[in-house]
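# Survey of secondary and tertiary structure
In case you want the letters, here they are:
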Amino acid sequence: AHSPQLVAQVIARNGKVSTTARIIGVDVGKQIRVTNISSYMKIGHFEDIAGGGNRILCGEGLLNKLGANPPQSILLSVGSGPPQPFKIVGTFNLGVKSLDETTFFATLTDVQRLNETPRRISDIAVRLHDVKKAEGIADMWSALSTDKVQSWNQFNEGIMSVFKTQDIIRNSMTISILIVASFGIYNILSLAVTHKRREIAILRSMGFEPNEIVRLFFIQGLALGLIGGIVGIFLGFLICTYMATIDVSASRGLGTGKMLVSFTYSIYVKGFFLALLSSSFAGVLPARAAGKLEPIEIIRSENAG
């Protein structure tokens with residue numbers, strides 16, 4: 001889907017209060033197909049401006065700055081043009097302060113008339129089936145046109161760099177936790193080998209081969225990882241369920257006011273297999289050490305002790 005837009009800088013006045021802002025003129029029917037702005041509405045509906053007639057939607061932060069309330073009318077002017085009255089029919093909260101305190105929405109024809117630029121548009125918003133292809137398509141269109149074409153991740157490059165840094169930190173913490181857990185399993189199995197030296201000697205004297213002893217302790221390491229992974233999944237799910245009830249101002253634009261937590265099953269599957277994998281590697285060295293023990297060496301060390 002695609003939607004034409006006209007973005008204009010305006011001066012908004014409500015009585016003696018005035019502030020600068022921007023107004024985005026849209027084709028309502030097309031705009032709701034390329035964005036989820038309807039999910040961020042606090043008062044009214046996005047479709048309320050569809051009929052035109054100088055009706056606008058206002059960000060909550062901007063509404064507070066003006067000291068206005070729906071369905072009050074305010075004056076908007078562009079440059080040296082005469083101010084025109086616009087009626088506030090709804091409010092939205094995107095959860096982004098820089099947008100909520102500076103943005104109006106109105107129909108494309110109303111903004112074109114206010115800006116005195118009939119039939120003009122400044123932007124075309126495009127929605128793709130696969131958002132991951134946006135950057136490649138934007139680069140291709142830029143090469144074929146003199147117009148400026150940006151993908152959503154190019155336009156929000158600053159924010160995306162923050163997310164990238166956050167991912168690096170999270171992955172580093174995850175790897176560190178896995179290393180610590182691996183050392184814990186390694187220590188447990190090493191102590192088990194030390195305490196079971198007499199039993200290992202008995203098994204070897206009964207005819208157990210070294211690889212069978214290795215398999216025995218390796219299975220013990222896998223069992224620890226399996227139990228830890230299952231307990232971790234249920235404990236992680238309970239913690240995430242609790243975190244999803246925490247109020248955070250950053251997500252208020254989604255209408256829930258709660259912390260955003262992903263419950264995608266693949267996250268739990270990855271966590272389980274990572275726990276199993278780390279326990280497998282941690283169990284290799286103690287298991288090999290147990291398999292190398294010879295009955296006569298164990299007896300001599302016991303007698304020496």
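Counting from 1, residues in each chain are numbered in the order their sequence is written. Residue-level local features of this predicted model are given only where pLDDT is at least 70; pairs of side-chain atoms are given and counted only at 80 or more, and the full residue set underlies all totals for whole chains, interfaces and linings. Only heavy atoms go into the side-chain values, all of them from the structure, while hydrogens and water stay out.

## Points about the packing of helix H9 (residues 210–243) against helix H10 (residues 265–292)
The line we're drawing: Axis definition: a line fitted to C-alpha atoms, over the contacting stretch in the case of helices. Angles run 0 to 180 degrees between N-to-C directions. Secondary structure elements follow DSSP: runs of H or I of four or more residues count as helices, runs of E of two or more count as strands, with numbering from the N terminus. In what follows, roughly perpendicular refers to angles from 65 to 115 degrees, roughly parallel to angles under 35, roughly antiparallel to angles over 145, and oblique to any angle outside these ranges. In a left-handed crossing the near helix is turned counterclockwise from the far helix by less than a right angle, and in a right-handed crossing that turn is clockwise. Three classes are used: nonpolar for Ala, Val, Leu, Ile, Met, Phe, Trp, Tyr, Cys and Pro, charged for Asp, Glu, Lys and Arg, and polar for all others, with Gly counted as polar.
In contact at an axis separation of 7 Å, H9 and H10 are set at 155 degrees when each is read in the N-to-C sense. Our classification of the angle between H9 and H10 gives roughly antiparallel. By crossing handedness, the relation of H9 to H10 is classed as right-handed. Considered class by class, the residues forming the contact of H9 with H10 number 18 nonpolar, 8 polar and 1 charged.

## Some thoughts on the environment of Val26
How we decide: Residue burial is assigned from relative accessible area. The probe radius is 1.4 Å, only protein chains are included, and a residue is buried under 20% of its type maximum, exposed over 50%, and partly exposed in between. Every residue pair with non-hydrogen atoms within 4.5 Å of one another is taken to be in contact.
With respect to the helices and strands, Val26 occurs in strand E2 (residues 17–26). Classification of Val26 as buried rests on a relative accessible area of 1%. Taking the C-alpha atoms as reference, Val26 lies 6.9 Å from Leu6; in sequence the two are 20 residues apart. Beyond its immediate chain neighbours, meaning those up to four positions away, Val26 contacts Pro4, Gln5, Gln31, Phe46, Phe105, Ala106, Thr107 and Leu108.

## Description of unusual backbone geometry
Cis rather than trans, the peptide bond between Pro70 and Pro71 has omega equal to 0 degrees. One non-glycine residue, Asn54, lies in the positive phi region at around 55 degrees. Mapped onto the elements, Asn54 comes out in the loop between strand E3 (41–43) and strand E4 (55–59). Exposure remark for Asn54: the relative accessible area of 13% places this residue in the buried category.

## Topic: a nonpolar patch on the surface
The criterion, for reference: Within this analysis, patches are made of residues with over 30% relative accessible area and no salt bridge. Like charges are joined at 9 Å or less; nonpolar side chains (Val, Leu, Ile, Met, Phe, Trp, Tyr) at 5 Å or less. Surface exposure here means Shrake-Rupley accessible area, sampled with a 1.4 Å probe, where a residue is shielded only by the protein chains that are shown. For this document, the term salt bridge refers to a Lys or Arg side-chain nitrogen within 4 Å of an Asp or Glu carboxyl oxygen.
Taken together, the side chains of Ile121, Ile124, Val126, Met140, Trp141 and Leu144 present a nonpolar region at the surface, about 590 Å² in accessible area. A per-element tally of the nonpolar patch places helix H5 (residues 134–144) first, with 3 residues.

## Section: H9
To keep things clear, this is the line we draw: Between the first and last residue of a helix there are one fewer steps than residues, each counted as 1.5 Å, and that sum is the expected span.
With 34 residues, H9 should reach 50 Å at 1.5 Å per residue; the first-to-last C-alpha distance of 48 Å fits that figure. Burial in H9 covers these residues: Ile213, Phe217, Gly221, Gly225 and Gly229. Check the buried side of H9 and you find it contacts helix H7 (157–195), helix H8 (197–205) and H10.

## A look at the pattern of salt bridges
Applying the stated criterion to the full structure yields 2 salt bridges. Put simply, Asp167 and Arg170 hold a salt bridge, and the shortest N to O gap is 2.7 Å. With a gap of 3 residues between them, Asp167 and Arg170 both fall in helix H7, about one helical turn apart. Of the residues examined, Asp167 reaches a relative accessible area of 31% and is grouped as partly exposed.

## Some details on the side chain of Ser151
Tracing the chain through its elements places Ser151 in the loop between H5 and helix H6 (152–155). Apart from residues no more than four positions distant in its own chain, Ser151 is found in contact with Ala134, Glu135 and Ala138.

## Some details on the packing of H7 against H9
One can describe the packing of H7 onto H9 by two numbers: an axis separation of 11 Å at closest approach and a directional angle of 145 degrees. Classified by chirality, the crossing of H9 by H7 is right-handed. The segment H7 lies against H9, with Ile185, Ile188, Leu189, Ala192 and Val193 engaging Phe217, Gln220, Gly221 and Leu224. Across the contact of H7 with H9, the residue classes tally to 7 nonpolar, 2 polar and no charged.

## Comments concerning the side chain of Gln84
The residue Gln84 is located in strand E6 (residues 84–92) in this model. According to the relative accessible area criterion, Gln84 is buried, its value standing at 18%. Apart from residues no more than four positions distant in its own chain, Gln84 is found in contact with Asn54, Ile74, Leu75, Leu76, Arg113 and Leu114.

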